[in-house]
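Here is what each chain is made of, one letter per residue.
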Amino acid sequence: MENRDYVFGPQPPVAIPITGSTAWFPVRRVWCVGRNYSAHAKEMGHDTREPPFFFSKQPDMLVPGGGRISYPSLTQNYHYEGELVVALKSGGANIAVADASRHIFGYAAGLDMTRRDLQKQMQEKGRPWEIGKSFDQSAPIGPLTPVSSRFDAGTIGLSVNNEVRQSSDVSQMTWNVEEVIAQLSRQVALAPGDIIFTGTPEGVGPVVPGDVVTLEIEGLVGLRVEIMA
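All of the points below concern the structure found in this document. (Residues numbered from 1 in each chain as written. Predicted model: local features only at pLDDT ≥ 70, side-chain atom pairs only at ≥ 80, totals over all residues. Heavy atoms only, no water.)

What about the packing of aromatic side chains?
Part 1 of the argument: Scanning all chains against the criterion turns up 6 aromatic pairs.
Part 2 of the argument: With 5.3 Å between their ring centres and 35° between their planes, F25 and F105 make a pair best called tilted. With a gap of 80 residues between them, F25 in strand β2 (residues 24-26) and F105 in strand β9 (residues 104-111) connect regions that are remote in the sequence.
Part 3 of the argument: For F25, a relative accessible area of 6% gives the class buried.
Part 4 of the argument: For the ring pair F55 and W129, a centre distance of 5.5 Å and an interplane angle of 55° mean the geometry is tilted. Placement of the pair is F55 in strand β4 (residues 53-57) and W129 in the loop between α2 (116-125) and α3 (130-133), with a sequence separation of 74 residues.
Part 5 of the argument: Taking the relative accessible area as the measure of exposure, F55 reaches 8% and is therefore buried.
Part 6 of the argument: One aromatic cluster is present, formed by F53, F55 and W129 through successive ring pairs.
Part 7 of the argument: Lying across the ring of F135, K57 places its NZ or CZ 5.7 Å from the centre. (Phe/Tyr/Trp six-rings, centres within 6.5 Å; stacked < 30°, edge-to-face > 60°. Helix = DSSP H or I, 4+ residues; strand = E, 2+ residues; numbered from the N terminus. Buried < 20%, exposed > 50% of the residue type's maximum accessible area, 1.4 Å probe, protein only. Lys NZ or Arg CZ within 6 Å of the ring centre and 35° of its normal.)

Purely geometric numbers; function is a separate question.
Put into structure tokens, the structure is as follows:
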């Protein structure tokens with residue numbers, strides 16, 4: 001590789017810890033699926049089954065391991081969305097649904113934190129969602145559990161201050177993990193290090209400074225964050 005001089009040092013890769021290993025998973029890109037549980041789609045005012053659609057967050061917006069995160073600027077309506085996250089060890093373009101599972105490295109619990117008021121403002125104006133979804137510390141994520149089988153069922157539950165707010169099952173996703181991977185690979189070529197937040201069930205809502213959010217997904221390490229002022 002050609003030696004290069006940089007005006008400042010390149011940023012080190014963002015990485016997620018792996019259960020049972022001293023190795024870390026380096027993140028390339030972060031993708032998120034919109035409205036992938038029918039009950040959540042209905043609570044957001046959408047009542048039809050749509051093909052999966054995607055938006056992105058930057059890797060440095062991840063918060064590996066959770067912990068304390070700051071209440072973001074510009075919003076008065078800051079929401080949690082508990083999600084199953086899938087991490088890829090390989091990729092490609094136009095992946096077939098039947099082949100998608102062989103590209104999976106593992107899974108984690110993740111939070112798609114959202115500035116809901118800004119998201120709705122952009123929707124009303126027909127503008128991109130970025131300001132509502134893509135901001136610092138907007139994607140806390142737990143440790144990755146290496147895959148041993150297909151993850152097509154399992155409870156997913158989120159609590160705020162020990163009060164249950166979301167309770168569902170991964171089997172209720174409109175588009176399962178393999179279908180999500182296949183669809184996204186038609187939009188963009190996937191590669192090792194890509195992660196995908198696969199959507200949230202119904203029960204999303206606001207949090208304020210001092211709240212503690214806990215996400216549990218059956219078979220995975222849980223995730224806990226505290227909202228700071």
